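# Results of the structural survey
Single-letter residue listing:
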Amino acid sequence: IVSFRVDRVPADEVGAFLDARRIAVRTGLHCTGIPRTEASVRASFHLFNTDEEVDRAVEALAELVAEL
């Protein structure tokens, strides 16, 4: 499981960006009790994920950051 935030982009917008590229993640507070402004994105990789799927997720995040 990898939890992360993208500077200047709310977690729900990061999630929507990835969802539009058919990359499934969870966004929110994840039962941590932290302030709403500190919401994060969580990607859960498993044995069934391929290297290509992981690369596609990383490439999509790089695309989002490049658009900032």
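Parameters and conventions
- Residues numbered from 1 in each chain as written.
- Predicted model: local features only at pLDDT ≥ 70, side-chain atom pairs only at ≥ 80, totals over all residues.
- Heavy atoms only, no water.
- Pairing = 2+ DSSP bridges.
- Helix = DSSP H or I, 4+ residues; strand = E, 2+ residues; numbered from the N terminus.
- Axes fitted to C-alpha atoms, helices over the stretch in contact; angles between N-to-C directions.
- Phe/Tyr/Trp six-rings, centres within 6.5 Å; stacked < 30°, edge-to-face > 60°.
- Lys NZ or Arg CZ within 6 Å of the ring centre and 35° of its normal.
- Buried < 20%, exposed > 50% of the residue type's maximum accessible area, 1.4 Å probe, protein only.
- pLDDT = per-residue confidence, 0-100.
- Contact = heavy atoms within 4.5 Å.
- Salt bridge = Lys/Arg side-chain N within 4 Å of Asp/Glu carboxyl O.

To continue, consider the sheet that holds strand β1 (residues 2-4). Strands sit in the order β1-β3-β2 across an open sheet of three strands; the sheet is antiparallel. Edge positions in the sheet fall to β1 and β2 (26-28), since each has one partner strand and no second. Mean inter-strand twist for the sheet, computed between neighbouring axes without regard to direction, equals 20°.

A few words now on the packing of aromatic side chains. Within this structure, the stated rule accounts for zero aromatic pairs. Over the ring of F17 we find R21; its NZ or CZ atom is 3.5 Å from the centre of that ring.

A separate point is the environment of F48. Topologically, F48 is positioned in the loop between β3 (40-43) and α2 (51-67). Judged by relative accessible area, F48 falls into the exposed class, the value being 70%. Taking the C-alpha atoms as reference, F48 lies 19 Å from S3; in sequence the two are 45 residues apart.

With 100% of its residues at a pLDDT of 70 or more, the protein chain shows a mean pLDDT of 91. Here β1 stands out as the least confident element of the protein chain, with mean pLDDT 91; helix α1 (residues 11-19) is the most confident, with 95.

Now for the side chain of S40. Residue position: S40 is located in strand β3. The residues contacting S40, other than those within four sequence positions of it, are S3, F4, R5, A11, R26, T27, G28 and H30.

Our focus in this paragraph is the pattern of salt bridges. For the structure on display, the rule yields two salt bridges. A salt bridge links E38 to R5; its shortest N-O distance comes to 2.7 Å. Taken together, the residues E38 in the loop between β2 and β3 and R5 in the loop between β1 and α1 connect sequence positions 33 residues apart. Looking at R5, the relative accessible area reads 48%, which means it is partly exposed. The residue R21 makes a salt bridge to E63 at a minimum N-O spacing of 3.2 Å. With R21 in the loop between α1 and β2 and E63 in helix α2, this residue pair connects regions lying 42 residues apart in the sequence.

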